[in-house]
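One-letter residues, chain by chain:
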Amino acid sequence: MPRPTPVDWKALKEKHKRPAPSKPRSQALPQRQLFPIPTAFDAEKEARAVLSHLRQQTRNVSADKRRSLAFGALRTISPFIFEYVVILSFRELGYKTEDPAFKNDGGIDGKIIDHDGATILLQTKRYGQGEVKYLPKHLRDFIRVVEHQKEQGKAIGGFFLHCGRTGLDAQLIAAATDGLVTLFSGDTLLDLLLHTTS
């Protein structure tokens, strides 16, 4: 009489193992694009190219077209390059600047020295799709940094610059600082970057 074939219990268990429940699509976390940290030389070089491109593309166009072209281009660049785009724009207006640190910056993306020698702190946000919802939190965090720096006599205020839409809540948060922190977005930001007036 032939012997029965031994049962491979491990293989049988794997065959009938229930698959792990898949995460609902609505709960999937969005993948955030990661950008390499550039050198200061490369960042400044690329930022100059971005500003040149923006100014050429938005010359002699309507206000709506200017916004569409400019913000469409800004949202494709690295957040690190956006920091330098802002820094260079202030530098071109005659301000002395302190370059971004890119990491471990304590919530400060750069500094400018105004014509009276006072320091103004910068925070820049190159918001991508769906990210502007974090603006109120980011703004509050920056206000705390500016308040602390002012208490220590290291700054007189701050500029928060971003390329998203500024909602009413963010406007009220900035207004409550009585001029300590100023928001730059929309046409105000473009006037700075393109050196134009509305």
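What you see is a predicted model, and the numbers here were worked out from it, not measured in a lab.

So, how was this worked out
Here, residues in each chain are numbered from 1, in the same order as that chain's written sequence. Two thresholds apply to this predicted model, a pLDDT of at least 70 for residue-level local features and 80 or more for giving and counting side-chain atom pairs, whereas whole-chain, interface and lining totals are computed over all residues. With hydrogens and water stripped out, all remaining heavy atoms of the structure feed into the side-chain values. A pair of strands is treated as paired once DSSP finds two or more bridges between them. Helical segments are the DSSP runs of H or I of at least four residues, strand segments are the runs of E of at least two, and each set is numbered from the N terminus. Fitting a line to C-alpha atoms yields each axis, with helices limited to the stretch in contact; the angle taken between N-to-C directions then spans 0 to 180 degrees. Note on classification: 1.4 Å probe, protein chains only; a residue is buried when its accessible area is under 20% of the maximum for its type, exposed when over 50%, partly exposed between these limits. Contacts are assigned to residue pairs that have any heavy atoms within 4.5 Å of one another. Multiplying one less than the number of residues by 1.5 Å gives the expected span of a helix. Oblique is the label for any angle not under 35 degrees, not over 145, and not in the 65 to 115 range, which are roughly parallel, roughly antiparallel and roughly perpendicular in turn. Under the scheme applied here, ten amino acids are nonpolar (Ala, Val, Leu, Ile, Met, Phe, Trp, Tyr, Cys and Pro), four are charged (Asp, Glu, Lys and Arg), and all others, including Gly, are polar. A pocket here means an open set of points on a 1 Å grid, computed over the protein atoms alone, that has protein on both sides within 12 Å along at least five of seven lines. A cavity is instead a set of points where a 1.4 Å probe fits but cannot get out; residues with an atom within 4 Å of a point line either one. Grid points are joined across faces, edges and corners, and a volume is the space filled by probe spheres set on the points. Any two of the Phe, Tyr and Trp rings considered here, Trp counted by its six-membered ring, make a pair once their centres fall within 6.5 Å; the pair's planes then place it as stacked at under 30 degrees, edge-to-face at over 60, or tilted in between.

Chemist: Please explain the sheet that holds strand β1 (residues 96-98) as it appears in this structure.
Modeler: Where strands meet in a sheet, backbone hydrogen bonds hold them as pairs that are either parallel or antiparallel. Pairing is mixed across the open sheet formed by five strands, whose spatial order is β1-β2-β3-β4-β5. With one partner strand each, in any of the chains shown, β1 and β5 (181-184) form the two edges of the open sheet. Put simply, the sheet's adjacent strands are angled 25° from each other on average, direction ignored. Inspection of the sheet shows strand β3 (residues 119-125) paired to strand β4 (residues 157-162) by six bridges, in the parallel sense. The residue bridging I120 from the neighbouring strand is G157, located in β4.

Chemist: Is there a simple way to think about the environment of K150 in this case?
Modeler: Looking at the element boundaries, K150 is found in helix α5 (residues 135-151). A relative accessible area of 47% means that K150 is categorised as partly exposed. For the pair K150 and L180, spaced 30 residues apart in sequence, the C-alpha to C-alpha distance is 9.3 Å. Discounting residues that sit within four places of it in the chain, K150 has contacts with A155, I156 and L180.

Chemist: Before we go on, may I ask you to explain α5 in this structure?
Modeler: Every α-helix carries 3.6 residues per turn, so stepping three or four residues along brings you back to the same face. Given a rise of 1.5 Å per residue, 17 residues ought to cover 24 Å, and the 24 Å separating the end C-alpha atoms of α5 matches this to within 8%. Burial in α5 covers these residues: L135, P136, L139, F142, I143, V145, V146 and Q149. Residue G153 follows α5 closely and has a positive phi angle near 75°.

Chemist: Looking at this model, I keep getting lost on the packing of α5 against helix α6 (residues 168-175). Mind explaining?
Modeler: Between two packed helices, both the angle of their axes relative to each other and the distance between the axes serve to describe the pair. Two numbers describe how α5 lies on α6: the axes approach to 9 Å, and their chain directions differ by 10°. Classed by the angle they form, the pair α5 and α6 counts as roughly parallel. Contacts from L135, P136, L139, R140 and I143 of α5 reach α6 at D169, A170, I173 and A174. Class assignment of the residues belonging to the contact of α5 with α6 gives a composition of seven nonpolar, no polar and two charged.

Chemist: Which parts of the structure should I look at to understand the layout of surface pockets?
Modeler: If you roll a probe as big as a water molecule over the atoms, it shows you where there is empty space left. Estimates place the volume of the second largest pocket at around 280 Å³. Grouping the constituent residues of the lining of the second largest pocket by class yields four nonpolar, seven polar and four charged.

Chemist: Quick question: what am I supposed to make of the packing of aromatic side chains here?
Modeler: Remark: the centre distance and the inter-plane angle together describe each pair of aromatic rings, the angle taken between the planes. Per the counting criterion, the structure on display carries five aromatic pairs. The interplanar angle of 85° and the centroid separation of 5.8 Å between the aromatic rings of F90 and Y95 together place this pair among those described as edge-to-face. Residue classification places Y95 among the partly exposed residues on the basis of a relative accessible area of 23%. Put simply, the rings of F90, Y95, F159 and F184 touch in pairs and so form one group of aromatic residues.

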